[in-house]
Structures are given as C-alpha cells and as structure tokens.
Amino acid sequence: MTMPEEPVFRLLGAMQIRSGEVEVDGGPTKLQAVLAVLLLSAGEAVSIEDLLSRVWGDTPPAASLVHVYISRIRDKLKPLGVGVRKTGDGYTIDVDPLLVDVHLFGHLMRQATRYGEAARHMLDDALELWRGVPFARTDSLWLREHGATLRQQWFEACLSRNRAWLDAGLHVELLDVIRGLVTRHFTNERLAEQYMVALYRAGDVGQALAHYRKLTKRLLAQEARQPSPLLQSLHLRMLHQDPSLTLGAPAAAAPVAPSTLVPALGSIVGRGTELGQLNGIFEADQRGSRNSVRLVGIFGPPGVGKTTLAVGWAHRIKGRYPGGCLQADLGAFGPAGTAETGQVLDEFLTALGVAPARIPPDTLAKRALYRTLAERRPVLVLLDNVAAAEQVAQLMPTAPGSLVIVTSRRRLGGLVARNQGLALNLGLLNLDDSVELLREYIRPARESADVEFLQQIARCCGGLPLAITLAGAGLALRAGQELSALAAELTDRSSVLSALDADADSTTAVQEVFRWSYDALPQEPARLFRLLSLHPGDGVTPYAAAALGGIEPARANLLLRELAEANLIRPIAHERYAMHNLMALYAAQLVESTDGPADRDEAITSVLGYYLSTASAAMDVLMPDERERRPRVDLPDLARPPLPDPASALAWLDGERTSLLATTVHAEEHGRPEYLLKLAVVLFRYLDHGGFLTDALTLNRAALRTAEALGDRAGEAEALLQLGSTLTRFADFEEAKQLLGRSVDLFTERGDDLGLARALGTLGRISWRQGANEDAIGQQLYALELLARIDDRIGQARTLTNLGAIHESMNDLDKAMLQYRAAQAICEELRSGDALARAWGSLAGVHQRRGELDVAVRLHGMAGDAFRKLGDRVGEATAMTNLGTAQGLLGQHYRAVELHEEALTRFREIGDRRNEIEVLNNLGEALMDCGHADHARSRHAEAMRFAESSGDQRELGRAYAGLAAAHRASGEDPELVRHQAAAAQAIFAALGLPDPDRLTALLARLA
C-alpha cells in the first residue's frame, strides 16, 4: 500500500483539510461533526440513522437536514476531487482511508507491530500526526467518546515509542519527552518503569529511586496499595545495581513459568477493535482491580476465529503472569467429546509441577490442590471450547491478578456477568480484512495476485475466518493453480463446501466444524435449523419460521433464540435472524438427506403462502380502496403478525421487502409460478409508490416471462400493464407504449374493462408527457367511461386527476379545478389516503397558478404528510418539489433550492427519470431566482438531455427556456439566447400550450 506524504484530512486536533496548496475551511462545528463521522468510516457507508444519532444524539432533527449538510460538504470538498455518494440508506465519502490522519495513525501502529527495526520510526511518525485533542469543540457525545478512545490509543502509542527508544539506546533523548507524560500519568506503572529505566541508564540512579518512593507514597495515599510486583522487582534490582539493567548486558536468569499454551494459530487479522478491548482490561487493573480474578469470554459461531484470537492474545500477554499459562480444550464441540474436569485438572497439576504419583484420585481433592497451587502467583488460564459455565467454575484460579480466557460457541452471558468480566462476540470479517487474511497465506508467491479474484474468493467465504484460512491454505498448496479456477469452484453453490474442505483434516474441515454444533442440538431445534435452509430471504422472523416448521410463532421464537444462543444463526434486528451462507449450504445438505420430499414441499408451500397472504393483508390495510384489484389470498391456517394500521403494514412490507422479492424467485425455482404472479400484482403499488423501481422492473419482467410460458393471458395482460407503468418512471416511453399497447389488446380480447381503463390511463399520461394532448384527453376520457360503466370509483378519481393535469398544463385552470375537486370528493367519500393526497397536490397546483400561495403551501404540506405516512416516496418527493416551487413564488428562493435538491436526490435514488427531468427544470428556475445562472444552466442542460432521449416535449420546452434565460444572465451570445428561446416557443406552440410565464417575460426582454 502506498503511503501518502501527509494526510489530507486531519482530525487529531482541530479539524484541518489541506491537499498541497489547497486548504478548505471545515465550516461550522455541526458541519465538521457530520464530516468527521463520515471520515471515521472513510470508504464505508454510514446510514442516515447513524449520522443522526452520532452527531445529534438523542434529539436528532429531521433526516432531510442530513441531506442539506451532505450537499454543503460536497461543495466544500469539490476542489479536492473528493466526493460523497449516496449508498443504500446512507452516504459514503470516497477517500483513501490513509489520507485521514486517524486511519493513518492506526495503520502505522499496526505496521509497527510487524516490523522490528522500522518499528521505532513508524511509532514516531504515528505520534507526529497528533496536533491536539480530537473533537474537543464538538457537542457530539459520540465523537467525544470516540476522541477519548483515540487518546487512549495515543497513550498506548507513547508507551510503545518509549520502549522502542529504550531498546535503541535513546534513554537520554527519551527523558526530554517523557517527563510531561509522567507528570500527567504519575501512577501509571508501565510509564513509571520506563521513566525509572531511562533515568538509571542515564546515570541518575538517585532520581530513579526517588521517583519510586514518590510513586509508592502516592499509590498508598490514593489507592491504598503498593506498586506492582514487577515494579518492586525493578526497584530491588536498581538497589543491587543489577547488570541486566544496563543496555546490552545479559539478562538475569528468571524462573521458568509453566506453560501449556499451544503455538499461535496464525495471524490475527481484522480484530483490532477486539484486541483494543482486551488490552483495555490492564488499564482497569492499574486503577486498582488486580485484587480479583479477571474473566474474558470470547464467543461466536463455529469457524469465526475464537481460538485463534484467544491463543494469539495469550501469547502477547503471557509475560504478565509469573505463575504460568495453562490451556485446556474442554471439547464441547469436537470429535473427542466433552473433557472431564478431573482429566483437565490432571493436566494443570502436572504443568504446575505435581508429580503424577502425588495427584489425588478424587476430583474434589484435585480441585483443592489446584486452587492452593494457583493462589501463589497470578496465572493465565485459557479454557477453549467450553459448553457450560459449570465447567469454568471448576477451573477458576484463586491468585489475585489472574486471568481466565473462555471461548465458546454459546453465549455464556451469566458466567461473564457473575464474574464482572468482559464479553466479546466475534463477528465476520469485512471484505478488506478477508482479503488481507488470504494474502497472509499466499505471500510471497502470489504477492501481486489479482485483487478482483481475491475479493471474489473472500465473498464466497462470507467473512468466515475458517473458510478464508482453508481457501488460503488451498491456494498455497496449489501454487500452480490459477486464482480464477478456485474462485469458480467457490462460486458454485454445489461445490463450495467440498472445495473448501479439499485440503482440510477432520478438525478443520468446515462441514465437520459445523457438524459438531449441529450434533449438540436437541431434535426440535435441529429440525428447524435444517428447514431454515428452505427460507427464501436473508432474514427470518418467528412467523416465517413458524410457517416453515408448522409450529406456533411463540414456539418458533424460542427455537430461534436457542439456535442463536448456539451461534448457528445470528440476530440482525429485533426478532429477525440470519444464517451464514456456508452454514445455510450445510443446512441445505442436511435437509436433503434427513427430511423427505413431502416434508420439504410442505415447508416451501407454507412459507410461500405466509409471505403472499401477509403481503396481501398488509396492502389491504395500506391501500384498502384497491382491495378488489388484487388477487384474493385466504390461508386461515397460517399465523400472521397483527397489522392494525397503515404504519404497521408499511413497517412489515419495508422489513420484509428483500424476503418478498426472494420469495418470487424461490417460487419460480421451485415450480410454483402462481405465487410469483400473485405477488407481482399484490406488491405493484407498494414497489411503485415506494420508489423501489428496480425491484419492480425485475419482478414484473419475471411475471411477464412466467405468464407467457404458462399461456396465462390474464396474467400476461396484467404483467404487461405493470411493466409498462414501471418503465414510464424510467422515462422509457417508447418501450412502455409498446407493452401497454399489447396489454390493451389482451384486455380488450378478454373483455376486462378495468384492466383496459388502467392501461389507457397510463398511455394517456405518456401521450401528455410527449405533447400529444388531444390523444391524452381522448385516452383518459375513454378510461373514465369504462370505469363509470363498472362503477370503479377510485379509478374514476385517479383518471379525473390525470385529466385535470392535462387541462392545467393547457392553462384551462377552471376545468382543471372542477376535475380535481370531483376527484377529491370521491376520495373523501371512499377515505382513500393515497388518491386523496394526489388530489390535494393537484388542487395546490391550480391555487398556485392563481396566486393563492398560502392555500397552495398548505395543500402541498398535507399531501406530503399523507404520502410520508403511506410510505409513498414518489408522492412525497413530488409534493416536496411542488412545495419548493410555491416557496419560490413567495420569495423564499434558497428554501426552494433546498426542497428541489432534496427531491432531486430522492428521485435519483429511486431511479425515477420521468420526475427527475421535471425537478431538474424546477431547480434550474429556483437557482436563477437566487442569481446562480451557471448552476441553473447546468441543471437545465441535464433536463434537456434527458427530455430529448425520452421524448418528453413539455419538459424539453422548459429546458430550452431555462437555458436561454441562464445564458442571457451570464452575458452569453445574444444569438444563442434568441435561438434557444425560439426553440422553446416552437415546442410549446406545437404542443398547443401557452408559453410559460418565465418564457413570456424573457421574450419581452429580448424584444
């Protein structure tokens, strides 16, 4: 990795942003806090929820404020070529972490532990990055706590630097920099030891002994204790002028402490946070808690690296335990079975020097002897692979200052709580750490290995260290094999487990390691574990598990908790669990070999039915006015979560969206196409209005493919209509018209007036967008006639709103108002929240055109609130940009820009190109009102490009008019301005529409 000459972003002190000669002001304190949170996760996504909680704590503002801050940050960082991009539900700052001093500091510290001779220089470089106290001015509690953690890391770095300087013979130079530290951290005994050694080697023995006396006095007064045994020993050695204290002198022989630690099991990669937590217990020891036995529990699923971390850390700290280091595998999960306590005590007593003939036969007597021997000096005891807390209790040492490290696949929370210990729950490695662990096995032969293939291999391993280790060992053994070949093996779900286990033995094979945990399960949770492999999504709830297992949700919840306690699944949210991809493949093998075809089919049918029926029930609550348009689903035997109101229905749909989409794929793969077709119809409005357009596109294409294959003409017509409607969101009007035309033919053939009316309504909206107003009115009127014939009131309301929009664009405001009010009356009668919100927004537009701005603002706000409650992201963003236009007319131009920018961001996140074009023109006009002609020109140019490609004539005319105004304001060529204004005028004339007010005013100025 190439090291930067200096970091661009400096957080270790007052914030500084500088690259070469370019320096950027970080802005107000709150803006700096938002930027700091992003930089602390440089290159990784930070969710909006995390940004709000980390910057504002318990009183977060509206999420829209985050977007405003992000926009300002983007502007500030633009000169540096650094961007902030939207990723999922958050933001990522695209910057190399090593350009941020915090990450560079951590990198140098990690490197210093790996390179002996260069370590001192790396430590010096790391400490030079510090310019003051990080995040001192912020009011963010999260940042202040993070700053406190960084200061602890700084102090650890100082201690490491001191040791490196002493080892290099720089004791005189060290005295110049260590005295201030000693003053501020007088009772820190590691620092006192270094200070005394530096004084001693510099020839100031009296000052070294005097410091020991002062320290002793301070500790007795403040903490009622003597210095540690190590410091007392150093004091005695100085009094006796021990030659080993002189640099380069042979060290005095020390008694050999017993040790049964196994050798370190490999590199500890990606566990920096956990190592920091582990090392933190010694800071607590210095504050006076060494009068007790400390306990650390390291928990996690099979193969996550618990033993590797425990053994590696034990080797790093074993010098602290003069009584020795004892390790035992208690065999909770393994081929040998659980170890007997008496057998472990035999091993421990032998290591502590007891002759085999003197070891008592009785377990109680063995334990008493062990405790007697283990109370003399502090010992480290590592108990690996523990099944229950009772095993640990039998083997606890008694000497104050001793440490017990426990590893287990079970979460032994009670054990940790009773001993006031530290619990670490190990998770999976991220992608970068996974690749780094792979590299540990392939160096130096494949030092230049293609990172793309390494990442592919790492992804297949799912961040599980055991799998990554086996893959790396396989690469090392097959040095001649191409990385692409192993990547291909691991990508194939049918061969990934066998590929990983190809070079493993019985103690390290992934499938064997998984089996040990599975074999320990009772029958009922073991059955559910197998059936979970048939679940279509990534996260399973008690209700979905109940459907799979044919049991009650309460029972399913208890079994899921039991599986989570055994670390075979992991909680990812409240009552939602996920299974590692490799574990799921193992469970799939088990369900194939253990459960019969009939049982598997029943489980699949049941879980598909659960998702379909619950989705249908949720949509009935969310959009009851369209209940009759959706297929009826009645599965009374399946338990469903209560959905009493629209908020709970929307929350369920949002929480299960990925599982619902996976269910459609699952249905197709398992020969149940009827579930796919029904789910596509049930979810259409949710996906469309919620702005999940890519999901809608994928689902509706699959539905069309399935209906065509089945020869299902009704299903084909519905899929064509839904797919065409979705494509209009992407402004792909030509393909949409083709599909909708086919749906018109099929609906006509079947005599389906409702389907025909809906298809004509969508075609009418496209005709209007493309400037064919007469065609649009004809299509909407025919749709209205069909809907009246079948008495579909909500359809009539939507069609009246469409007609009103056309007449409003033609400046026939009276007719538009009549149609909007008629739609409003129907919606109020039917209590249709969705259609009523659209009617409010439409009415607001007419009031706005008439200059009744207070009414317009109120109606836009009502529409936006209603859309928000319904989870209609498209409607909410539409109301937002419309409100922005109204605010601009009220003279609130900068507020208008903010609203349009937020709406633009949302439509781009959704992928709604049709509305994006309109908002780009709205934003351009607002920027012109603020006097920012250059920015306005950029927005109108984007709108023109998109409108031309989609055929949106109305917005194309607005874009030309906006460009003409922006070019005129910038003093551009008058001929260009006149040409663009004339082009706009010609477009509106061809559409039969009056010139917009802005264009009329521009033409008057040009005349």
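Attention in this report is confined to the structure presented alongside it. In this text, all values refer to a predicted model and were calculated from it rather than measured experimentally. Per chain, residues are indexed from 1 in the order of the written sequence. Per-residue local features are limited, in this predicted model, to residues with pLDDT of at least 70; the limit for side-chain atom pairs, both in listing and counting, is 80 or more; totals at the level of whole chains, interfaces and linings are taken over all residues. Water and hydrogen atoms were dropped before computing side-chain values, which therefore reflect all heavy atoms in the structure.

Some thoughts on the overall build of the chain
Helix and strand assignments follow DSSP, with helices taken as H or I runs no shorter than four residues and strands as E runs no shorter than two, numbered in order from the N terminus. Summing up its helical and strand segments, the chain has 46 helices and 13 strands in all. Referenced to the eigenvectors of the C-alpha coordinate spread, the extents of the chain come out at roughly 105 × 75 × 55 Å. Counting every position in the chain, which comprises 1007 residues, the buried fraction comes to 54%. Any pair of residues with heavy atoms lying within 4.5 Å of one another is described as a contacting pair. Restricting the contact set of the chain to residue pairs at least 6 apart, pairs at least 24 apart contribute 65%. Accessible surface computed for the chain: about 43900 Å², of which carbon and sulfur atoms make up 51%. As used throughout, the charge tally considers Lys and Arg to be positive and Asp and Glu to be negative, leaving His and the chain termini uncounted. Just so you know, the charge point we use is NZ for Lys, CZ for Arg, CG for Asp and CD for Glu. Seen as two clouds, the 107 positive and the 126 negative side-chain charges of the chain have centres 6 Å apart. Think of it in three bands: residues with accessible area under 20% of the maximum for their type are buried, residues over 50% are exposed, and the middle band is partly exposed, with areas taken using a 1.4 Å probe on protein chains only. We get accessible surface area from the Shrake-Rupley algorithm with a probe of 1.4 Å; when it comes to residues, only the shown protein chains can shield them.

Brief notes about helix 17 (residues 431-442)
Expected span, for any helix, means 1.5 Å times one less than how many residues it has. Compared with an ideal rise of 1.5 Å per residue, which puts twelve residues at 16 Å, helix 17 spans 17 Å between its outermost C-alpha atoms and is within 8% of the ideal. Inspection of helix 17 places Ser434, Val435, Leu437, Leu438, Arg439 and Ile442 among the buried residues, and these make up the whole buried set. We call two N or O atoms a polar contact when they sit within 3.5 Å, provided that within protein one can donate a hydrogen and the other can accept it, with sequence-adjacent residues counted only if both atoms are side-chain atoms. Looking at where helix 17 begins, the residue whose side-chain oxygen comes 3.2 Å from the main-chain nitrogen of aspartate 432 is asparagine 430.

Quick notes on the packing of helix 33 (residues 733-750) against helix 34 (residues 753-769)
Angles run from 0 to 180 degrees between N-to-C directions of axes, and those axes are lines fitted to C-alpha atoms, restricted for helices to the stretch in contact. Running from N to C, helix 33 and helix 34 cross one another at 155 degrees; their axes reach a closest spacing of 9 Å. In terms of axis orientation, helix 33 runs roughly antiparallel to helix 34. The handedness of the crossing between helix 33 and helix 34 is left-handed. Contacts from Phe733, Ala736, Lys737, Leu740, Ser743, Val744, Phe747 and Thr748 of helix 33 reach helix 34 at Gly755, Leu756, Ala759, Thr762, Leu763, Ile766 and Arg769. In this classification, Asp, Glu, Lys and Arg are treated as charged, Ala, Val, Leu, Ile, Met, Phe, Trp, Tyr, Cys and Pro as nonpolar, and every other residue, Gly included, as polar. Class assignment of the residues belonging to the contact of helix 33 with helix 34 gives a composition of nine nonpolar, four polar and two charged. Under this scheme an angle from 65 to 115 degrees is roughly perpendicular, one under 35 degrees roughly parallel, and one over 145 degrees roughly antiparallel; angles in between are oblique. When the near helix sits turned anticlockwise from the far one by under a right angle, the crossing is termed left-handed; a clockwise turn instead gives a right-handed crossing.

Description of the sheet that holds strand 5 (residues 83-87)
In this analysis, strands are considered paired if DSSP registers two or more bridges between them. The three strands are arranged 4-6-5 in an open sheet whose pairing can be described as antiparallel. This sheet does not close on itself; its edge strands, each paired only once, are strand 4 (46-47) and strand 5. The sheet contact formed by strand 5 and strand 6 (residues 90-94) spans five bridges and is antiparallel. Within strand 6, the position partnered with valine 84 by the bridge is isoleucine 93. Most of the contacts of helix 1 (residues 29-40) go to strand 6, to which it runs at about 75 degrees, and overall it touches strand 4, strand 5 and strand 6.

Considerations on unusual backbone geometry
Its identity as a non-glycine residue notwithstanding, alanine 224 has a phi of 55 degrees, on the positive side. Relative to the helices and strands, alanine 224 resides in the loop between helix 9 (205-223) and helix 10 (229-239). Of note, alanine 731 is a non-glycine position whose phi angle comes to about 60 degrees, a positive value. For alanine 731, the location among the structural elements is in the loop between helix 32 (713-729) and helix 33. Alanine 731 sits in the buried class, given a relative accessible area of 8%.

Some points on the packing of aromatic side chains
Stacked, tilted and edge-to-face pairs are distinguished by plane angle, under 30 degrees for stacked and over 60 for edge-to-face with tilted covering the rest, among Phe, Tyr and Trp rings (Trp via its six-membered ring) whose centres lie within 6.5 Å. Under the counting rule described, the total for this entry stands at eleven aromatic pairs. A connected cluster of aromatic rings, assembled from ring pairs, spans Phe514, Tyr518, Phe529 and Tyr586. Placement of a positive charge over a ring is assigned whenever Lys NZ or Arg CZ falls within 6 Å of the ring centre and within 35 degrees of the normal to the ring plane. Arginine 657 extends its terminal NZ or CZ atom over the ring of phenylalanine 692, reaching a point 4.0 Å from the ring centre. One Lys or Arg, arginine 945, reaches over the ring of phenylalanine 946 and ends 5.1 Å from the middle of that ring.

Some words on the sheet that holds strand 3 (residues 22-24)
The strands making up a sheet associate through hydrogen bonds between their backbones, and the pairing can be parallel or antiparallel. With antiparallel pairing, three strands are arranged side by side in an open sheet as 1-2-3. The two strands at the open ends of the sheet, each matched to only one other strand, are strand 1 (9-10) and strand 3. For strand 1 and strand 2 (residues 16-19), the ladder comprises two bridges, and the chain directions are antiparallel. Each residue of the ladder has a partner; that of phenylalanine 9, found in strand 2, is isoleucine 17.

With respect to the state of the cysteines
Disulfides are defined as cysteine sulfur pairs within 2.5 Å. On inspection of all chains with the given rule, the structure shows zero disulfides. In this model cysteine 461 remains outside any disulfide bridge; the closest cysteine sulfur is found in cysteine 460, 6.8 Å from its own.

Side note on the pairing of strand 10 (residues 403-408)
With respect to burial, strand 10 is a largely interior element, six of its six residues being buried. Of the two faces of strand 10, both are covered, the one formed by Leu403, Ile405 and Thr407 as well as the one formed by Val404, Val406 and Ser408. Across six bridges, strand 7 (residues 294-299) lies against strand 10 in parallel orientation. In the strand pairing of strand 10, arginine 294 is matched with leucine 403. Pairing of strand 9 (residues 380-384) with strand 10, which is carried by four bridges, proceeds in the parallel orientation. Directly across from leucine 380, in strand 10, lies its bridge partner leucine 403.

Quick look at the side chain of serine 950
Within the secondary structure layout, serine 950 lies in helix 43 (residues 933-950). A distance of 3.4 Å separates a polar atom in the side chain of serine 950 from the backbone nitrogen of aspartate 952.

Let's talk about the pattern of salt bridges
The term salt bridge refers to a side-chain nitrogen of Lys or Arg lying within 4 Å of a carboxyl oxygen of Asp or Glu. A complete count under the given rule lists 62 salt bridges for this structure. Notably, a salt bridge pairs glutamate 156 with arginine 190, separated by 3.2 Å at the nearest N-O pair. Taken as a pair, glutamate 156 in helix 6 (residues 141-167) and arginine 190 in helix 8 (residues 189-201) lie far apart in primary sequence, 34 residues in all. Assessed through its relative accessible area of 27%, glutamate 156 is described here as partly exposed. On the accessibility criterion, arginine 190 (26% relative accessible area) is partly exposed. Through salt bridges that share partners, Glu626, Arg629, Arg685, Asp792, Arg798, Asp834, Arg838 and Asp872 make up one connected network.

Things to note about helix 39 (residues 853-870)
When the terminal C-alpha atoms of helix 39 are compared, their 26 Å separation across 18 residues agrees well with the 26 Å that a helix rising 1.5 Å per residue should span. Every buried residue of helix 39 is listed here: Leu853, Ala856, Leu859, His860, Ala863, Gly864, Ala866, Phe867 and Leu870. The arc that holds every buried residue of helix 39, seen down its axis, measures 165 degrees, which confines them to one face. Structural note: helix 39 exposes Asp854 and Lys869 on the side pointing more than 90 degrees away from its buried face. For this quantity, the arc is that covered by the directions from the helix axis to the C-beta atoms.

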